[in-house]
There are 2 protein chains.
Amino acid sequence: MAKRKSLRSDPCPVARALDVVGERWALLVVRDAFDGMRRFGEFQKSLGVARNILADRLQGLVEEGIFSIAPASDGTAYQEYVLTPRGLALFPVVVGLRQWSEAQLFDTGEAHSTLLEKQSGLPVRPMQVVAHDGTVLQVSDTEVRKVRP
Amino acid sequence: MAKRKSLRSDPCPVARALDVVGERWALLVVRDAFDGMRRFGEFQKSLGVARNILADRLQGLVEEGIFSIAPASDGTAYQEYVLTPRGLALFPVVVGLRQWSEAQLFDTGEAHSTLLEKQSGLPVRPMQVVAHDGTVLQVSDTEVRKVRP
């Protein structure tokens, strides 16, 4: 299989993001971590992939700074995979995918899980792109422009 | 190459979403459409993939209801690929990936494009997960629960 073209240095932030988390298994692992998983065996059970493949993938996510490796929280000899700040910052992306899917890919009346705020038990708000003043924006209200940092 | 396991009927909305848009080329095509591209040749030039591969991928996105095929807007014989409401609804996901990348994958001082509101010329707000009352939520403030629709 030909090696895919790297977008890791692409000037487009979307392309660069997809180079790091653009294969579906990557965000599935991050989802599992958001659900509280930390151990190799937990991820393996959830994802159902071979040990060597999962080990490679987790290693890749560690190299990209999305997970760090930590000693087991219960004092045993296990090591755990813990989301770094960079990994935790993917929360809005995963929630966006979840909400898009809930609205678009489930039949009316088809049961599914949803994301709730613990304190109130109410669903989180739909993810929306908003202007600095809080106005909800559609694609046509926006433009991509090169800016100096 | 073994056919990957389908997650299209997975009860987890995140998994189901990734079955549809979880390969990096899919969201790159959607990004290009958000940037105004509509024609096969435009996508091909942007993505640099072989015609037959791109044709298969666009066909798949049409079958998933993300693009529809329309006659050329200028009255020529070309056909155009136009985002459906389902495709347009991916806007917060793509913006989330962009902002994550801008914050996490670019060096300090490294130039990149950013997404602005046309009217004000100001950047759109950072995507955040918020509660019904507008409070910004971290992963630990939330839980996934099965709800009846």
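Keep in mind the model is a prediction, meaning the values are calculated, not measured.

*Asks:* Please explain the interface of chain A and chain B as it appears in this structure.
*Replies:* You'll often see interface size given as the accessible area lost when the parts meet. Listed per partner, the contact involves 81 residues of chain A and 81 residues of chain B. Contact between chain A and chain B buries roughly 7,700 Å² in total, counting both sides, with carbon and sulfur atoms accounting for 67%. If you sort the residues of chain A by the area they bury against chain B, Pro13, Arg24 and Trp100 of chain A come out on top, with a joint share of 11%. Across the contact surface, chain A and chain B share four salt bridges. Across the salt bridge formed by Arg24 of chain B and Asp19 of chain A, the nearest N and O atoms sit 3.0 Å from each other. Here chain A is connected to chain B by 28 residue pairs in polar contact (both at pLDDT 80 or more). Listed by contribution, the elements that provide at least two residues to the side of chain A that touches chain B are helix H1 (13-21), helix H2 (24-34), helix H5 (85-88), helix H6 (91-104), strand S3 (112-117) and strand S4 (142-147) of chain A. If one sorts the elements of the side of chain A that touches chain B by residue count, H6 of chain A sits on top with twelve residues.

*Asks:* I tried to follow the side chain of Arg31 of chain B on my own but got confused; where do I start?
*Replies:* Mapped onto the elements of the fold, Arg31 of chain B is located in helix H2 (residues 24-34). Arg31 of chain B sits in the buried class, given a relative accessible area of 11%. When near neighbours in sequence (up to four residues on either side) are disregarded, Arg31 of chain B contacts Cys12, Val14 and Ala15 of chain A together with Ser46 and Leu47 of chain B.

*Asks:* Explain the packing of H2 of chain A against helix H3 (residues 40-47) of chain A here, please?
*Replies:* Residues and elements named next belong to chain A. Their axes nearest at 10 Å, the elements H2 and H3 cross at an angle of 120 degrees. As the angle between them shows, H2 and H3 are arranged oblique. When the axes of H2 and H3 are compared, the crossing they make is right-handed. Residue-level inspection shows Leu28, Val29, Arg31, Asp32 and Ala33 of H2 in contact with H3, the latter providing Phe43, Ser46 and Leu47.

*Asks:* Any chance you could explain the packing of aromatic side chains here in plain terms?
*Replies:* Residues and elements named next belong to chain A. In the structure shown here, the tally under the stated rule is six aromatic pairs over all chains. Between Phe43 and Phe67, the ring centres sit 6.1 Å apart and the planes meet at 80 degrees, which makes this aromatic pair edge-to-face. In this pair, Phe43 sits in helix H3 while Phe67 sits in strand S1 (residues 67-71), placing the two residues 24 residues apart along the sequence. Between Phe43 and Tyr81, the aromatic rings sit 6.5 Å apart at their centres with planes inclined by 75 degrees, giving edge-to-face as the arrangement. You can see Phe43 sitting in helix H3 and its partner Tyr81 sitting in strand S2 (residues 79-83), a full 38 residues away along the chain.

*Asks:* Just to check I follow, could you spell out the environment of Pro123 of chain B for this structure?
*Replies:* Structurally, Pro123 of chain B can be placed in the loop between strand S3 (112-117) and strand S4 (142-147). Judged by relative accessible area, which is 45%, Pro123 of chain B ranks as partly exposed. A sequence separation of 15 residues divides Pro123 of chain B from Gln138 of chain B, and the C-alpha atoms of the two residues are 23 Å apart. When residues no more than four places from it in sequence are discounted, the contact partners of Pro123 of chain B are His132 of chain A together with Leu115 and Leu116 of chain B.

Cut-offs applied
- Residues numbered from 1 in each chain as written.
- Chains lettered and ligands numbered in written order.
- Predicted model: local features only at pLDDT ≥ 70, side-chain atom pairs only at ≥ 80, totals over all residues.
- Heavy atoms only, no water.
- Contact = heavy atoms within 4.5 Å.
- Buried area = accessible area lost by both parts, 1.4 Å probe.
- Salt bridge = Lys/Arg side-chain N within 4 Å of Asp/Glu carboxyl O.
- Polar contact = N/O pair within 3.5 Å; in protein donor to acceptor, adjacent residues only side chain to side chain.
- Helix = DSSP H or I, 4+ residues; strand = E, 2+ residues; numbered from the N terminus.
- Buried < 20%, exposed > 50% of the residue type's maximum accessible area, 1.4 Å probe, protein only.
- Axes fitted to C-alpha atoms, helices over the stretch in contact; angles between N-to-C directions.
- Parallel < 35°, antiparallel > 145°, perpendicular 65-115°, else oblique.
- Left-handed = near helix turned anticlockwise from the far one by under 90°.
- Phe/Tyr/Trp six-rings, centres within 6.5 Å; stacked < 30°, edge-to-face > 60°.

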